[in-house]
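Chain by chain, the residues run as shown.
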Amino acid sequence: MLWLAGVSVVALLALAGTAWRARALRAALDRQATLARFASDWVWEQDAQFRFTHFEGHMLERHHLVFDALYGKCRWELPDLEVSPEAMAAHRACCERHEPFYGFEYGVPVPGRGQRWIVVSGYPLFDAAGRFTGYRGLSRDDTQRHAAEVALKASEQRLAAILAGSPVPVFAIDLDGRVVAWNRGCELVLGHSADEMIGSTAPGRVFYGEERPVLAHYVAGLRPMSDLASQYGTAVAAVDTVPGALAAERFFPDLGGQDRWLYFLAAPMHDAEGRVIGAIETLQDVTERRRTERLVEAQRIELEEAQRIAHIGSWHWAAGAGGVEVSAEMARFVGGSRPSWRGWLRRVRAKDRPRLIRALRAALHDDAALELLCEVRGPGGGWRELHLLGRVERNAAGQPTGLIGTAQDVTERRRAERALSESEQKFQAIFNQTFQFIGLLSPEGLLLEANQTALDFAGIRAEEVIGLPFVDTPWWKGVAGSRERLTEAIARAAEGRFVRFETEHPAADGRVHYVDFSIKPVFDDAGKVSLLIPEGRDITAIKETQAELAAGREMFATIFDQNPVVLALLDLADGKILRVNAAWERELLYTAARSVGHDTLELGLWFDVSERQRFLTVMHTAGRVEAFEARLRRGDGSPATFEISSRVVVLDERRLLLSSLVDVTERQRIQGEIRALNTHLEERVRQRTEELQLAKDRLEQAMGQLVQSEKMASLGAVVAGVAHELNTPLGNALTVASALQDQVRECQRAAAGGALTQRRFDEFMGTCDTAADLLQRNIDRAARQINTFKQVAVDQTSERRRSFDLREIVDEALSTFQPKLARLPQALTVDIPEGIVMDSYPGPLEQVLANFVANALTHAFAEDATDGRMALVASVEAPETVQLVFTDDGCGMGPEVAAHVFDPFFTTRLGQGGSGLGLYIAYNFVTGVLGGQITLDTAPGEGARFTLYLPRVAPERQEAVRIPPNLLDAGTDTL
C-alpha cells in the first residue's frame, strides 16, 4: 500500500509537471505568434481547397485593406491582380504540391489608395494522420520597396544612357580578350579611336606601351589571379559592392598627351543565367581628386553601414524583469542583448522620452496599442529614428505579464521623405515665384500644371484650368488666330521640335500683353516626347519702349524735315552729308539725292574754301559754331550769304554735326540801304536791327534746343507759342522798317528831281521819328518777352540768406498786388500767425507767393467773374517744418492739365500773353534753394490747392547742374 501511495504521488507530480510544461509551451507559442504578427502585417489561413478562411493582423486597417470579399476564394481567383500568368501558374502548382512558398509578390488595387504590392509566404498544414488541411502564412505590404525597385530600375536605365555618351572612359572585352566597346571618353582621354581599338586583343598597349594584361583580363578569368600581384602589386583590390570586381589606382606618364593618375575598375559581365561573358572596365582621372575620392569612399562605407542596419528588430519585456530581451538587430539600435529599462530610456532623445513613457503606461494599464516614432542614440553615439510597435501580454486571468513588440529603423526613409518634401517645396517656390509664365502639358496639349505667375496674369485659379486643353484656357481667348497658332505649335512640339513665336494674351487687368512664347519637348528614356513645357515672357514693356523710340524718331524726323530753317546732318568722321530737309532743297537748290553721301567740297558749296577751313577751326576749338557768316554757292551757281550755326549731337551712338543755315543775303542788302539814309537814323536802325537779329538768333537756338530735348513733352506747343509771342512785335518792326525804306526812297527821288519841298521834308522827318518810335517799342516788347524766358533758370547765387519772420515776408510779397486787387472783384485773405521765424531765402519765397497769386488771377477766374476768393494759410507742422497752403475757388484744373502744371512753357493761355513759366519757376525755388516740397490738389470746378512743406532752416547751398540763364548757352546736346 505504501508503494502504491508512493507511485500515486510520483504520478501526480509527473502530471503536474506535464501541465506546467504545457502551459509554458503555450505561452511560448503565443509569444512566437505575437512576434510573427509584428514581423508581418497580417496572418492568413486557407483550407484544403486553398480558400481563404481567416485573416488577422494589426496592419489591416492601417493599409485600408478589406478582406470580407476574399473569404471562400482562392488566391488565383481574385480579380484584377497584377502578376504574370506564368508566376501565378507556378504558385498554384507549388500549392497543389503542398509545398511551402516564400516571397510570392503580386499587385492589388485598393480603392482610393492606388496599387498596393503584397508579399506572401506560407507553409502547408497537416493533421495527426498526415492529411493536408490547408495553408497558414504571413503577408506584408511591400509597396514602398516595390516603388523603390521601380525607381532603381529607371535610375539604372538613365545611368546606361549617361554612360553611353559620357566623357568617362569605358571599354569592355569578351572572353577572347577582344575589345568589344570603346566609348568616346576613352578616345578623349587615351588618345586612341574606337575604330582603332574595337577588335584589338592588346588594350594594355595603350596604357603601358607594351602588351600587358589589364584588370578586365583578370575579372573575366582570362588571366589567373595568382599573376595579379606581379602585375599590380598591392595597388589592386577587390570591390566589395560589385562581386568579382577589381579596382586599382596607378600613375601613367604621358597618357593621352599628359601625366595622369587613373582609377580603373573592372567588373565581370554576366548573361541572364549568371555566366561570365566578358568584363567591363571604367577609368577615371583622379589626379586632382584623390583626396575628394577618399572622402567619397568614407561616405560610401557609411552609407553601406546604414543600409546594413536597415532591418526590423524585436523586443520583449517580462513583468518584473530588470532588463529587456532584444534581437540581434535591435541590439544594434540600443546596444547590448539585454539592456535595462533605465539604460534603454536614457538612449531615447529627451524630447521623445515622455511620449514613450506615456505610451508604455497606456499599453500596460489601458491595453492600448503601442505605436510611435522616437529617436534613439545607438551604440556608436548616433541618433536613429525608430518606429516602435507593441502590445501588452496577458495571462489567462487577463493580468498583464509583459510587453512585446518590434522596432524598425526608419532613419533613411524619414530623411528621404524630408529631402523629397524640401525638394518639392523648393521646386514649387521656384516654379511659382519666377517672373515668367511656365506650365506643363501632355503631348496631346492638356494642361497639367501652371505656375502662380501665369495664373495671376489671367486672374484665374489652378482648379479652373488644370486638365483642360491648353487652347481652351483663358490665356488664348480674345486674340484672333492665337488658338490656331497654338494648336499648330503643340503638334510640332509633340513631334520633338522646339517652337517659339510672339503672341498676344489678354490679362486680368483688361489689357492685351505681348508675350514671347515657346514650347519645349521633354523626352523619356525611350526617346519619346513625354511632356511639353510651355513658357512665356511678358515683353509688353519692351514693345512699348520700342514703339516710343520709333515715335521719338518719327517726331525728330518730322521736325527736322518740316522745319522752315535749312538743316543738314553730317557725319563727323568723314564729313559726308547724311540728311537734309526740304528747306535745304528749297533755299540751296540742291536735291537730297544730289547732297546725301557727299561732303560740301564735293558739292562745290563754298565760294571761298578758306572760309570752310575757318569754320572747321572754330568747330574743333569751341565744339560748336554760332552765326558763322559765309558766302555759299547755290545749286544753280548763284551766290548767297548764309549764317551757319552748328553743334555736335549724338544719335544712335554716333557723333553727328547738326547745322542750320539762314539766308541773310536780303537782310544785308536792306541794312546797307538803310545805312545810306542817314547816319543818325542808320545808327538807331542798325542798333535796333542787331537787337532784333540777336533776339531772332537766340530764339532759333532755343527752338533747336527744345527740338533736341526729349524731356519737353509739349515741344510743338512751345515752339508755336514762342513764335506767336515774338511774331507780333518782330512783324510790326519789320513792317515799319519796310515802310520807312519806301519813304526814304521816295524822298531820295524827290531830292534828285529837285521836287523836295520844305513841307515834304518835314513830313519825311516826322515819318522817320514815328517809325523809330514804333521800332523801339516793338523791339522793347520782344526783349521783355525774351527776358521772361530767361527766368527759366533758377539763379541760386543771386539770393541772400537771412533770418526773417514769415508773416512780414508774406505781407511784403503781397503788397505789390494790393492796388491791382483793389480794382478786381477777387479777394485775398492771409492767415499766418506771427512768430514763425525761418532761416532761409526770402527772395525766392516772395517770388513763389507772387507767382501763385498771379497764376490764380490769370487762369483761375473768368474775365467777367464778379467774385472770387484766394487764401494763404501757414502753420507749423513739426518743430522744423512749416506748411504753407495757397487756395483759390476758381475753375480748377482737369487731370490732363494738373499733370503738366509744373512743366516749363506749359500754359493754357499760350499765345495770349502767358509764358508757362510761373509755376515752373515756383517749383524750382521750392524744391531747390528752399529745400522743400510742393503738391497740387485740384479738380474741374473745385478750385486749386497748392501745399508747400518748407524747412524752417533751409539746407546749405550745393553746387549742382544748373539750367543756364540763357538757353542758347546750353552747349552740346545729346539726342
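Conventions we followed
- Residues numbered from 1 in each chain as written.
- Predicted model: local features only at pLDDT ≥ 70, side-chain atom pairs only at ≥ 80, totals over all residues.
- Heavy atoms only, no water.
- Helix = DSSP H or I, 4+ residues; strand = E, 2+ residues; numbered from the N terminus.
- Buried < 20%, exposed > 50% of the residue type's maximum accessible area, 1.4 Å probe, protein only.
- Areas by Shrake-Rupley, 256 points an atom, 1.4 Å probe, with all protein chains shown as cover.
- Pairing = 2+ DSSP bridges.
- Axes fitted to C-alpha atoms, helices over the stretch in contact; angles between N-to-C directions.
- Contact = heavy atoms within 4.5 Å.
- Expected span 1.5 Å × (residues − 1).
- Salt bridge = Lys/Arg side-chain N within 4 Å of Asp/Glu carboxyl O.
- Phe/Tyr/Trp six-rings, centres within 6.5 Å; stacked < 30°, edge-to-face > 60°.
- Arc of directions from axis to C-beta.
- Core = buried A, V, L, I, M, F, W, Y, C linked by side-chain atoms within 4.5 Å.
- Patch = residues over 30% accessible without salt bridge, like charges linked within 9 Å, V, L, I, M, F, W, Y side chains within 5 Å.
- Parallel < 35°, antiparallel > 145°, perpendicular 65-115°, else oblique.
- Left-handed = near helix turned anticlockwise from the far one by under 90°.
- Nonpolar A, V, L, I, M, F, W, Y, C, P; charged D, E, K, R; others polar.

When you go through the protein chain residue by residue, the secondary structure sums to 30 helices and 33 strands. Burial analysis of the protein chain (975 residues in total) assigns 39% to the buried set. Accessible surface, the protein chain as shown: approximately 53500 Å² in total, 54% of it carbon and sulfur.

To continue, consider unusual backbone geometry. Located in the positive-phi region is His98, a residue other than glycine, with phi close to 60°. Relative to the helices and strands, His98 resides in the loop between helix H2 (85-96) and strand S3 (101-110). His98 gets classed as partly exposed once you look at its relative accessible area, which sits at 30%. The backbone phi angle of Ala627 is positive, close to 50°, even though this residue is not glycine.

Moving on to the sheet that holds strand S25 (residues 639-651). Strand order in the open sheet formed by 5 strands is S23-S22-S26-S25-S24, and the pairing between neighbours is antiparallel. Edge positions in the sheet fall to strand S23 (577-580) and strand S24 (624-633), since each of these pairs with one other strand and no more. In this sheet, neighbouring strand axes are inclined to one another by 30° on average, regardless of whether the strands run parallel or antiparallel. Note that S24 and S25 share 8 bridges and pair antiparallel. Residue pairing across strands places Arg624 opposite Arg647, the latter belonging to S25. Where helix H17 (residues 540-562) meets the sheet, its contacts fall on strand S22 (566-571), S23, S25 and strand S26 (654-663), and the angle it forms with S23 comes to roughly 75°. Helix H21 (residues 609-622) rests against S24, S25 and S26 of the sheet, and its axis sits at about 170° to S24.

Structurally, Ala89 can be placed in helix H2. Judged by relative accessible area, which is 48%, Ala89 ranks as partly exposed. The sequence separation of Ala89 and Trp76 amounts to 13 residues, and the corresponding C-alpha distance is 8.5 Å.

With that settled, the discussion passes to H17. Taking 1.5 Å per residue as the helical rise, H17 with its 23 residues ought to reach 33 Å, and the 32 Å between its terminal C-alpha atoms agrees with that figure. Taken together, the buried positions of H17 are Thr540, Phe556, Ala557 and Phe560. Check the buried side of H17 and you find it contacts strand S20 (512-523), strand S21 (529-538), S22, S23, S25 and S26.

Opposite charge on two side chains lets them pair, provided their charged atoms get close. Per the counting criterion, the structure on display carries 40 salt bridges. The partner of Arg116 in a salt bridge is Asp141, and the shortest N-O contact between them spans 3.0 Å. Residue Arg116 is located in strand S4 (residues 114-126), and its partner Asp141 is located in strand S5 (residues 132-141); the two are separated by 25 residues in the primary sequence. Residue Arg116 shares its accessibility class with Asp141, and that shared class is buried. Here Lys576 and Glu602 are joined by a salt bridge, their closest N and O atoms 3.2 Å apart. Pair noted here: Lys576 is in the loop between S22 and S23 and Glu602 is in helix H20 (residues 600-603), with a separation of 26 residues, a long-range link. When its relative accessible area of 47% is taken as the criterion, Glu602 is described as partly exposed. Connected through salt bridges with shared partners, the residues Arg349, Lys351, Asp352, Arg355 and Glu375 form a single ionic network.

Here we have 5 strands laid out as an open sheet, ordered S28-S30-S31-S33-S32, and mixed in their pairing. Of all strands in the sheet, those with a lone pairing partner are strand S28 (827-831) and strand S32 (933-938), marking the two edges. With strand direction ignored, the average angle separating the axes of adjacent strands in the sheet is 15°. In this structure, S28 lies alongside strand S30 (residues 869-878), joined through 5 bridges in parallel fashion. Across the sheet, residue Ala827 finds its bridge partner in S30, namely Arg869. Contacts from helix H26 (residues 806-815) reach S28, S30 and strand S31 (881-888), with the element oriented near 165° to S28.

It is worth spelling out the side chain of Ser200 at this point. Within the element layout of this structure, Ser200 appears in the loop between helix H5 (194-197) and helix H6 (204-208). Take Ser200: its relative accessible area is 19%, and that puts it in the buried class. If near-sequence neighbours (up to four positions away) are discounted, Ser200 is found in contact with Gly177, Arg178 and Val179.

The next point concerns the packing of aromatic side chains. Applying the stated rule across the entire model yields 28 aromatic pairs. A centroid spacing of 5.6 Å and a plane angle of 45° characterise the contact between Phe101 and Tyr135, whose relative ring orientation is tilted. Residue Phe101 is located in strand S3, and its partner Tyr135 is located in strand S5; the two are separated by 34 residues in the primary sequence. Summarising the burial analysis for this pair, Phe101 and Tyr135 share the class buried. Both rings, one in Phe171 and one in Phe207, keep their centres 6.3 Å apart while their planes meet at 40°; by these two values the pair is tilted. In this pair, Phe171 is assigned in strand S6 (residues 170-174) and Phe207 in helix H6, connecting sequence segments 36 residues apart. Each of the two residues, Phe171 as well as Phe207, counts as buried. Among the aromatic residues, those joined into a cluster by ring pairs are Trp44, Phe50, Phe52, Phe55, Tyr71, Trp76, Phe101, Phe126, Phe132 and Tyr135.

With 14 residues, H21 ought to run about 20 Å at 1.5 Å a step, and its terminal C-alpha atoms sit 20 Å apart, in line with that. Restricting attention to buried positions, one finds in H21 the residues Glu611, Phe615 and Met619. The arc that holds the buried residues of H21, viewed along the axis, is 80°, so those residues lie on one side. Projecting away from the buried face of H21 at angles above 90 degrees are the exposed residues His620 and Thr621. Structurally, H21 contributes buried residues whose contacts are with S24, S25 and S26. In the stretch just after H21, Gly623 is the one whose phi turns positive, near 80°.

Turning our attention to the nonpolar core. Grouped together as the largest cluster of nonpolar side chains are 48 residues, with contacts concentrated most on Leu806, Phe852, Leu884, Phe886 and Phe946. Elements represented by at least two residues in this core include exactly H26, helix H28 (842-860), S30, S31, helix H30 (918-927), S32 and strand S33 (944-951). Considering each element in turn, this core owes the most residues, 9 residues, to H28. Excluding anything up to four places from it in sequence, Phe946 contacts Phe852, Leu884, Val885, Phe886, Met893, Phe902, Leu919, Thr935 and Leu936. Ala194, Val214, Ala220 and Leu228 belong to the second-largest nonpolar core, a separate cluster that totals 30 residues.

Moving on, we come to a nonpolar patch on the surface. Residues Leu756, Phe761 and Met765 make up a contiguous nonpolar surface patch of about 230 Å² in total accessible area. Along the polypeptide, Phe761 turns up in helix H25 (residues 758-790). By relative accessible area, which is 33% here, Phe761 ends up partly exposed.

With their axes 9 Å apart at the nearest point, H26 and H28 run at an angle of 50° to one another. In terms of orientation, H26 and H28 fall into the oblique class. In this structure, H26 meets H28 at a crossing whose hand is right-handed. Mapping the contact onto sequence places Leu806, Ile809, Val810, Glu812, Ala813 and Leu814 in H26 and Pro842, Leu845, Glu846, Leu849 and Val853 in H28. In terms of residue class, the contact of H26 with H28 is built from 9 nonpolar, no polar and 2 charged.

What follows covers the packing of H28 against H30. Contact geometry for H28 and H30: axes closest at 9 Å, N-to-C directions at 150°. In terms of orientation, H28 and H30 fall into the roughly antiparallel class. In the crossing of H28 with H30, the sense of the turn from one axis to the other is left-handed. Side by side, H28 and H30 meet where Pro844, Gln847, Val848, Asn851, Phe852 and Asn855 of the first sit next to Gly918, Leu919, Ile921, Ala922, Phe925 and Val926 of the second.

The quantities given are spatial measurements derived from coordinates; they are silent on function.
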